[in-house]
Amino acid sequence: MDKILICTGTSGIAAYAVEVACLFEELIKKHKLDEQYRVVRVGDRGLFRDVLVDVVTEDSRLVYEFVKPENVEQIVIEHLVGGRPVEKLLAGKDYEDFFSGQMRIVLSNCGEIDPEDIGEYIARGGYEALKTAVSMESLDIIETVTSAGLRGRGGGGFPTGLKWKFCFEAQGDEKYVVCNADEGDPGAFMDRSVLEGDPHSVIEGMAIAGRAIGAASGVIYCRAEYPLAVKRLQCAIDDAGARGFLGDNIMGTGFSFDIEIMQGAGAFVCGEETALIASIEGKRGLPRPRPPFPAVKGLWDKPTNINNVETFANVRHIIAKGADWYSSIGTDGSKGTKVFALAGKVKNTGLVEVPMGTTIKDLVFGLGGGMARKMVKFKAVQLGGPSGGCLPESLADMSIDYESITGTGAIMGSGGMIIMDQQTCMVDVARYFLEFTVEESCGQCTPCRVGLRRMLDVLIEITDGRGKPKHMTFLKEMGETVKSMSLCGLGQTAPNPALTTMRYFQDEYDLHVNKKECPAHVCPELLKFKVIEDKCAKCGMCQKTCPVDAIEWKKGEVARIDLEKCTECRSCIRACPFMAIE
Amino acid sequence: MPAVNTSEVKKSDIVGMIEHHREKKGVLIPLLQEVQDRYGYVPKEAVEIIAAELDVYPVDIYGILTFYAQFHLKPRGRHIIKVCMGTACYIMGGKEILDHLKGTLGIEIDQTTEDGNFTLEVVSCLGCCGMGPVVMVDEKFYGRCDLQKMDEVLQEYGK
């Protein structure tokens, strides 16, 4: 039977994918094509082209992009009934470039299978790795994962095999496997897409880990902001249990393993492993000193192995295809692929999976298709969310692997990658991240609680035009203090956005402090809402976007802003590709 | 889902929820989530009943409620507007959207309009970064928002 694949992950749904899917079903029935076509709701494939719709027959596959509910009838009548594909809606070169440059291992099923149908997962080799693993000795599984060179994808980059070994060797009658699905970094959505698009791959990885360390229970700690992921995970857990891949005596080997889902309640710090454990135990999510590490004393004081979603999703491929295959991908120190969430001012936004060692330039200008607006130039890439840093264009040739990135002062993080252009103010970005970490600091350590607050106060003064030269020294000193004197990863990395922007964009700070200018035209207190006549291209874009009609413009004339009417909403500044409004 | 916001807390309802969780370890967070699903917020009366039934101090429950951003101690509006302030949404104009909503609705973050129709909240990241700026109203996502689109969305919900 031929299939119509419709991407209905959270991002697809935001672009009316559910409506599109329902319309297809309705019209297929109406035109009596339901014997020939089946609508399959797949997870997000990664490229955000509103709704992606694939028509898959035995010998062909055509992809439609930017499909809206009003296009469905045309596709059904012209293509499915008439046999003539709707040319103007077919995916173009960007789509091809975006996918051809990738190496999809973790994402291989995302956007291809119905995540709520275990049969489709099994048909693509699912649970074969678990079958292999249950007949292996614990140490052999651990050795395979170790020699594959898999490192934790949550941000830390700790060798996964070693982590498993510690937990295997720890004494304890009960052990736990915990999946960290508390993807709290703003700007990161890799884990959400995997959970929504291929939940069984995570479950299979966890079961293999359970077999390796000798655990019988698993917990997935998932962000409350991801309701669809929770729903699909629960469905997958139930189905896996019904098929005997979870539960007692799996495949008659005597190995038993079950998984429960715990929903987070909105606290970024719970991504830190000891805080996450406290939260599962029903307490405030406060990190505690390590050692003892969770591998020795974790959930309910039992040995616990915690890995992130993407790490678990890699495991089945390593067991199925072998450590040699996996370690042949990537660089010397960083093996395999990494999924990045490409977002911001880039043309093709979405998820990309590339071998470790790919350069930033390849990602932004290759797969990403370059900047969203050709007139406004690439300025920086933000890696690793609030714990990471902003890297300038001059580092665009750098290879993306754990070691190279750490050397820049940023971190690999979980894989969020926000592309920024000349209309992004780096001081404002630092202020934005500090606002976030001040809000999310748990408050235990004084340097993090008070120091970050003071750094934020100073950044607010700078962006408000009250900056002083001595503020720069203060930010550097306080940043180093907070980094070195905090207990957990949150405090140890929270100053990074401020420190890296100061390191690479010192000139922007200088302009804010000394000249009270914001070169990106972002900081409200430094804006005049005046059109710079020399730069104005007389295009009228600003006038069209103004919601309060405060801009006077006639064809061929320089625009003028009526400050009486202006509400300073900044729509015009954002719309102007020539940066002609200051 | 739109919040129910009933102020009548029935002891039997709360006890029923507690029974559902009692045998498990680490019950407090899932239990409080269930209470909030039912009432739209966590009422004071519910905290007192839970504290008595589970033999914990109310302060420990408030400790959890105020630690996690997801819990609410006051009734909320019929429609919850969540403006995403994730990095991608922020640099794509999320702040402008938020300012516009504050102005149009006449409320600040975490406040409810006088007619009880809207509560305005911000959220760190909804995970739709490729569709930014993103706004979520109740359970529905709106991607690639601008000020005009926001006005249309508000009208959809009876502004």
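Structure report, in brief. Position labels on residues start from 1 in each chain and follow its written sequence. Chains carry letters and ligands carry numbers; both start at the beginning, A for chains and 1 for ligands, and go up in the order they are written. Owing to the predicted nature of the model, reporting of local features is limited to residues with pLDDT of at least 70; listing and counting of side-chain atom pairs is limited to 80 or more, with chain, interface and lining totals taken over all residues. Note that the side-chain values use all heavy atoms of the structure and ignore hydrogens as well as water.

Concerning the sheet that holds strand S1 (residues 2-7) of chain A
Residues and elements named next belong to chain A. Inclusion rule: Here, strands pair whenever DSSP counts at least two bridges between them. Secondary structure elements follow DSSP: runs of H or I no shorter than four residues count as helices, runs of E no shorter than two count as strands, and numbering proceeds from the N terminus. Axis lines are fitted to C-alpha atoms, over the contacting stretch for helices. Their N-to-C directions set the angle, which ranges from 0 to 180 degrees. For this analysis, residues touch if any pair of their heavy atoms sits within 4.5 Å.
Spatially, 4 strands are ordered S2-S1-S3-S4 in an open sheet, and the strand pairing comes out mixed. Each having just a single partner strand, strand S2 (37-42) and strand S4 (60-67) make up the two edges of the open sheet. Recorded for the sheet is a direction-independent mean angle of 20 degrees between the axes of neighbouring strands. The pairing of S1 with S2 spans 6 bridges and is parallel. Bridge pairing in S2 places Cys7 opposite Val42. Against the sheet, helix H2 (residues 17-30) makes contact with S1, S2, strand S3 (51-57) and S4, and its axis sits at roughly 170 degrees relative to S2, the strand it touches most.

Some remarks on the nonpolar core
The condition that has to hold: Think of a nonpolar core as a cluster: buried Ala, Val, Leu, Ile, Met, Phe, Trp, Tyr and Cys residues, connected wherever their side-chain atoms sit within 4.5 Å. Relative accessibility under 20% of the residue-type maximum defines a buried residue, over 50% an exposed one, and the middle range a partly exposed one, all with a 1.4 Å probe and only protein chains included.
If you look at the biggest cluster of nonpolar residues, it comprises 134 residues, and the most contacted ones within it are Phe24 and Phe257 of chain A together with Ile81 of chain B. Beyond its immediate stretch of four places on either side in the chain, Phe24 of chain A contacts Ile4, Ile6, Val39, Val53, Val72, Ile75 and Val76 of chain A. In this structure, Val178 of chain A together with Ile29, Ala51 and Ile64 of chain B belong to the second largest nonpolar core, which totals 67 residues.

Some details on the pattern of salt bridges
Residues and elements named next belong to chain A. Applied cut-off: When a carboxyl oxygen of Asp or Glu lies within 4 Å of a side-chain nitrogen of Lys or Arg, that pair is called a salt bridge.
Evaluation of the coordinates by the stated rule reveals 46 salt bridges over all chains. Here Glu128 and Lys131 are joined by a salt bridge, their closest N and O atoms 3.5 Å apart. Of this pair, Glu128 and Lys131 both sit in helix H6 (residues 128-134), separated by 3 residues, roughly a single helical turn. Lys361 is paired through a salt bridge with Asp397; the nearest N and O atoms lie 3.4 Å apart. Of the two residues, Lys361 sits in helix H15 (residues 360-367) while Asp397 sits in the loop between strand S12 (389-392) and helix H16 (402-408), which places them 36 residues apart along the sequence. Judged by its relative accessible area of 56%, Asp397 falls in the exposed class.

Some remarks on the interface of chain B and chain A
The test is simple: A 1.4 Å probe defines the accessible area here, and the buried area is the portion of it lost by two parts on being joined, summed over both. Here a polar contact is recorded for every N or O atom pair within 3.5 Å, except that within protein the pair must consist of a potential hydrogen donor and a potential acceptor, and residues adjacent in sequence are included only if both atoms are side-chain atoms. Here the nonpolar group is Ala, Val, Leu, Ile, Met, Phe, Trp, Tyr, Cys and Pro; Asp, Glu, Lys and Arg are the charged ones; every other residue, Gly included, is treated as polar.
With 41 residues of chain B at the contact, the number on the chain A side is 59 residues. Carbon and sulfur atoms supply 60% of the area buried between chain B and chain A, which totals about 3800 Å² over both sides. Taken as a group, Phe67, Thr87 and Ile91 of chain B account for 17% of the area that chain B buries against chain A, more than any other trio of residues on that side. Counting across the chain B and chain A interface gives 21 residue pairs in polar contact (both at pLDDT 80 or more). Here the side of chain B that touches chain A gets 9 residues from one element, more than from any other, and that element is helix H5 (residues 87-105) of chain B. Along the lines of polarity and charge, the residues of the side of chain B that touches chain A split into 22 nonpolar, 13 polar and 6 charged.

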